[in-house]
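Below, each chain spelled out in residue letters.
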Amino acid sequence: MSTVSQVAIEEYLKRGIDADPLVVTPILAPKQIGKVSIDVRLGNQFIVFRTHRFGIFEPAGISPIEPQQIQERQVIPFGGHVVLHPGMLVLGCTFEYVSMPSDLECQVEGRSSWARLGLQVATASAVEPGFKGVITLELSNVATVPLTLMPGIRIAQLVFRKAEPPVKEPYGESRKYRCPIGPEFSRLHEDYDWKVFASETK
Amino acid sequence: MSSPSPVFDEIAWRDTELRREVRRCATGLSKLAKTIQLTEDFITPTPRKLAALISETSALIAEAVERRIPTAELAAVNSFLSNAALHLRFVERARVAQTPWSLVQPAEELLKLAAGQGTHFIIRPTWSYNYSIRGDFWAQYKRYLESRKWFSLDLVRQRADISDTEKVYCVSFPRIERANALLHALWGHEVGHILVARWVRDTFDTEWKKAELEIKKKFEASVRKSPPPAGELFKERAIQDEIAKLTNATRVVAQQGITELLCDHVGGHLFGPAALAATLEFAARFSLDAPPESSSQNYPPWRYRIRQIVLSCDADLADHAEIGYPPPKLKPFVEWLREAKRIADSKSDETLIRNNPVTNQAYDFITTHWTSAATSVIGMLPPELSKPYRLSERYARVVSLIERIEQRLPPNTVDGYPGSPASLQDILCAGWAYKALQIHGNPAWGT
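Residues numbered from 1 in each chain as written. Chains lettered and ligands numbered in written order. Predicted model: local features only at pLDDT ≥ 70, side-chain atom pairs only at ≥ 80, totals over all residues. Heavy atoms only, no water.

Observations concerning the overall build of chain B
Secondary structure summary: chain B contains 15 helices and five strands in total. Dimensions of chain B, computed from the C-alpha atoms along their principal axes, are close to 105 × 75 × 40 Å. The long-range share in chain B, meaning contacts at least 24 apart out of those at least 6 apart in sequence, stands at 78%. Here chain B holds 57 positive side-chain charges and 53 negative ones, and the gap between their average locations is 2 Å. (Helix = DSSP H or I, 4+ residues; strand = E, 2+ residues; numbered from the N terminus. Contact = heavy atoms within 4.5 Å. Lys, Arg positive; Asp, Glu negative; His and termini not counted. Charge placed at Lys NZ, Arg CZ, Asp CG, Glu CD.)

This is the structure we're talking about:
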């Protein structure tokens, strides 16, 4: 499985809408397309923790607490900023909406300039063929100094690899995160095997 | 022996009490406005601008209360503060989470372009099922404060960073329709109010004065035929009173009627079929033939309004076989809009209007002045918006946006990669057309 280079990325982007294209929109500056990746920007929606409300969250649904009760959505206007304190996790998202063709998968990777300051952008970094939506970024600051992040900055890069042969049933309607337009709350409780764990624990 | 108690001076008592209360209210309002300005999240700077204006104005009033405000003015200053406090609700409700925030920025840009640079809009939800516009708040404050010798407007301008060319309005939308972006095409009507108010101020009075004598004569003829009951001594007075009452009522109906219709015309001009579709969907929940009367704020019947918007969108409702319009993806939308034509074909609203002497005269006035008024109001728009939005001229772009929605892609760019940004008007039209396509296949879609 080889990494897709700039020429091939642009060919995917230029495919007609009915020809299973790669869509990354909007690309505000052509420079975002690098030799083997596309830089993506930070969107303006975030999910932050409300740590003062609950003591414990058990994702299997053993406790009645839903993710929405321990986390809340925030929208930061463009021109504003969010401060990521050391040890803090915030869910952000890409500014760009992405639509993956059935023969490409991609990895969300940090940019080294940010990594050197202690920013991690994604831990669950694989984006499957057929996925559509903005990509949720798990932003955390592993340094000791707070970081100021502004919506619109280039924060991560997408590195594409061929999926060979193309997947038969691309990421579709039946999946957990369908066409998100902002960061998504965790849906761990929808995993098929959580039901088993939950019943065992009860 | 105790000394006699001093004579109670009620005027002095009121002065002391009221001065203390006004100072407390002004200080409290200033702090509250400042807190909202600093702590709440807004998607545009406008809500903060109004909060700063209220905060700085009331802070300056608080400073003036002790020595400079005359006793006789204290009650009026208190009313002014109460009124400004009411305006804070517009700011508070414009918080990000309460608004369709992704639409607010582009919508405010378009509204600013239409109403003139220096005009700012707060967009906020209201619990009543209505779209409306309020303001200009800055003009209201200036009107009251500029003649007060104890107050410095210059300091407000400086501290709140606002100039005399700026205006601040609030556009409201129904809270339950927050996420219904398509219905917000009705914001075009609301911005129309700013332009139409200028026309009313500059032209309506003059035109009314020209027409008034003739209208009075018509009323006189009918009133003399069946005069109001009165003794012989007061008969003439009663007749003149009745004529004046009917003439005044006609003026109110005419002014309100032409205002609303012109605003609809501006909405239709800016958003084309999207404005017509939004009006149809909104109007469906009301009686289409409710005549103009004071209980309905003298609004024109919905059928009459729909008819006028149909006229401004007529070119988009027709077939243009030579250019293949409407293409298959737009056909259900255009067909749906043609229902508006069928609604407009019925003249049941006209019958009601013509059966009442007041509305009859008022709508005669509106009909006579319609063309020149509509031309004049559209002429107030900047050159970029002087041409009406025509779906039949932009359908290729709109169809490409519909195809993006069908592929679950945002309808934000046209012409493939890298493409160019789609206009708000094209996006709204594409959204409506996509909705019509879906409803065509499944009438329960979206419910």
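Quick look at the overall build of chain A
Along its length, chain A carries four helices and 12 strands. Within chain A, the fraction of its 202 residues that count as buried is 45%. A separation of at least 24 residues holds for 79% of the contacts in chain A among residues at least 6 apart in sequence. When the accessible surface of chain A is summed, it comes to about 10500 Å², and 55% of that surface belongs to carbon and sulfur atoms. (Buried < 20%, exposed > 50% of the residue type's maximum accessible area, 1.4 Å probe, protein only. Areas by Shrake-Rupley, 256 points an atom, 1.4 Å probe, with all protein chains shown as cover.)

Some details on the packing of aromatic side chains
All names here are of chain B. Considering all chains together, one arrives at 20 aromatic pairs over all chains under this definition. When the centroid spacing of 5.9 Å and the interplanar angle of 25 degrees are considered together, the rings of Phe121 and Tyr169 count as stacked. Highlighted residues: Phe121 in strand β1 (residues 119–126) and Tyr169 in strand β3 (residues 167–174), separated in sequence by 48 residues. The same class applies to Phe121 and to Tyr169, which are both buried. Among the aromatic residues, those joined into a ring-pair cluster are Tyr129, Tyr131, Phe282, Phe286 and Trp302. (Phe/Tyr/Trp six-rings, centres within 6.5 Å; stacked < 30°, edge-to-face > 60°.)

Remarks on the interface of chain A and chain B
If you look at the interface, chain A gives 21 residues, while chain B gives 15 residues. Roughly 1500 Å² is buried in total at the junction of chain A and chain B, and carbon and sulfur atoms are behind 62% of that figure. Put simply, chain A and chain B have zero salt bridges between them. Summed over the shared surface of chain A and chain B, the number is four residue pairs in polar contact (both at pLDDT 80 or more). Those elements giving two or more residues to the side of chain A that touches chain B turn out to be α1 (6–14), β1 (23–25), β4 (71–75) and β6 (89–99) of chain A. Per element, the largest residue contribution to the side of chain A that touches chain B is three residues, and it comes from α1 of chain A. Class assignment of the residues belonging to the side of chain A that touches chain B gives a composition of 11 nonpolar, five polar and five charged. (Buried area = accessible area lost by both parts, 1.4 Å probe. Salt bridge = Lys/Arg side-chain N within 4 Å of Asp/Glu carboxyl O. Polar contact = N/O pair within 3.5 Å; in protein donor to acceptor, adjacent residues only side chain to side chain. Nonpolar A, V, L, I, M, F, W, Y, C, P; charged D, E, K, R; others polar.)

Brief notes about the sheet that holds strand β2 (residues 132–135) of chain B
All names here are of chain B. Pairing is mixed across the open sheet formed by three strands, whose spatial order is β1-β3-β2. Each edge of the open sheet carries a strand with a single partner, namely β1 and β2. Neighbour-to-neighbour, the strand axes of this sheet turn through a mean angle of 25 degrees, independent of strand direction. Here β1 runs beside β3; their pairing, made up of eight bridges, is parallel. What sits directly across from Thr119, in β3, is Lys167. (Pairing = 2+ DSSP bridges. Axes fitted to C-alpha atoms, helices over the stretch in contact; angles between N-to-C directions.)

Describing the environment of Ser423 of chain B
All names here are of chain B. Counting through the fold element by element, Ser423 comes out in the loop between β5 (420–421) and α15 (424–441). When its relative accessible area of 22% is taken as the criterion, Ser423 is described as partly exposed. With 24 residues separating them in the primary sequence, Ser423 and Thr447 have C-alpha atoms 28 Å apart.

Examining helix α11 (residues 331–345) of chain B
Residues and elements named next belong to chain B. With 15 residues, α11 extends 21 Å between its outermost C-alpha atoms, agreeing within 8% with the 21 Å of an ideal straight helix rising 1.5 Å per residue. Of all the positions in α11, only Pro332, Phe333, Val334, Leu337, Arg338, Ala340 and Ala344 are classed as buried. Where α11 is buried, its residues touch α9 (273–283), α10 (302–317), α14 (391–406) and α15. (Expected span 1.5 Å × (residues − 1).)

Section: the environment of Ile323 of chain B
Residues and elements named next belong to chain B. Relative to the assigned elements, Ile323 resides in the loop between α10 and α11. Assessed through its relative accessible area of 39%, Ile323 is described here as partly exposed. Ile323 sits 70 residues away from Glu393 along the chain, and the two C-alpha atoms are 9.5 Å apart. Discounting chain neighbours no more than four positions away, the residues touching Ile323 are Ser392 and Tyr395.

Some words on the packing of helix α1 (residues 10–39) of chain B against helix α3 (residues 74–92) of chain B
Residue and element names in this part refer to chain B. Running from amino to carboxyl end, α1 crosses α3 at an angle of 20 degrees, the nearest separation of the two axes being 10 Å. By the angle between their axes, α1 is roughly parallel relative to α3. The way α1 lies across α3 gives a crossing that is left-handed. Residues Asp15, Leu18, Arg19, Val22, Cys25, Ala26, Leu29, Leu32, Ala33 and Ile36 of α1 touch α3, and the partners they reach there are Leu74, Ala75, Val77, Asn78, Leu81, Ala84, Ala85, Leu88, Val91 and Glu92. Across the contact of α1 with α3, the residue classes break down as 16 nonpolar, one polar and three charged. (Parallel < 35°, antiparallel > 145°, perpendicular 65-115°, else oblique. Left-handed = near helix turned anticlockwise from the far one by under 90°.)

Observations regarding the packing of helix α8 (residues 235–271) of chain B against α10 of chain B
All names here are of chain B. At a minimum axis distance of 9 Å, the contact between α8 and α10 shows a crossing angle of 35 degrees. By crossing handedness, the relation of α8 to α10 is classed as right-handed. Between α8 and α10, the contacting residues are Glu260, Leu261, Asp264, His265 and Gly268 on the first element and Tyr304, Arg305, Gln308, Ile309 and Ser312 on the second. In terms of residue class, the contact of α8 with α10 is built from three nonpolar, four polar and three charged.

Looking at helix α5 (residues 137–145) of chain B
Residues and elements named next belong to chain B. Taken together, the buried positions of α5 are occupied by Phe137, Trp138, Tyr141, Lys142, Tyr144 and Leu145. Along α5, the residues classed as buried sweep out an arc of 165 degrees about the axis, all on the same side. Measuring from the backbone nitrogen of Trp138 back to the side-chain oxygen at the start of α5 gives 3.0 Å, which picks out Asp136 as the cap. (Arc of directions from axis to C-beta.)

A word on the sheet that holds strand β7 (residues 104–110) of chain A
All names here are of chain A. An order of β2-β12-β7-β9 is seen for the four strands of this open sheet, with the pairing classed as antiparallel. Each of the sheet's edge strands pairs with one partner strand only, and the pair in question is β2 (38–41) and β9 (126–127). The pairing of β7 with β9 spans two bridges and is antiparallel. Each residue of the ladder has a partner; that of Cys106, found in β9, is Val127.

Here we look at the domain arrangement of chain B
All names here are of chain B. The assigned domain composition of chain B is domain 1 (11–179) and domain 2 (190–392). The distance between the C-alpha centroids of domain 1 and domain 2 comes to 33 Å. Taken together, the contact pairs 15 residues of domain 1 with 14 residues of domain 2. Between domain 1 and domain 2 the total buried area reaches about 1200 Å² when both faces are included, carbon and sulfur atoms providing 76% of it. Per-residue buried area on domain 1 facing domain 2 is highest for Leu113, Ala114 and Tyr129; these three make up 42% of the total on that side. One can count zero salt bridges joining domain 1 with domain 2. Connecting domain 1 to domain 2 are three residue pairs in polar contact (both at pLDDT 80 or more). (Domains from an automatic or database assignment.)

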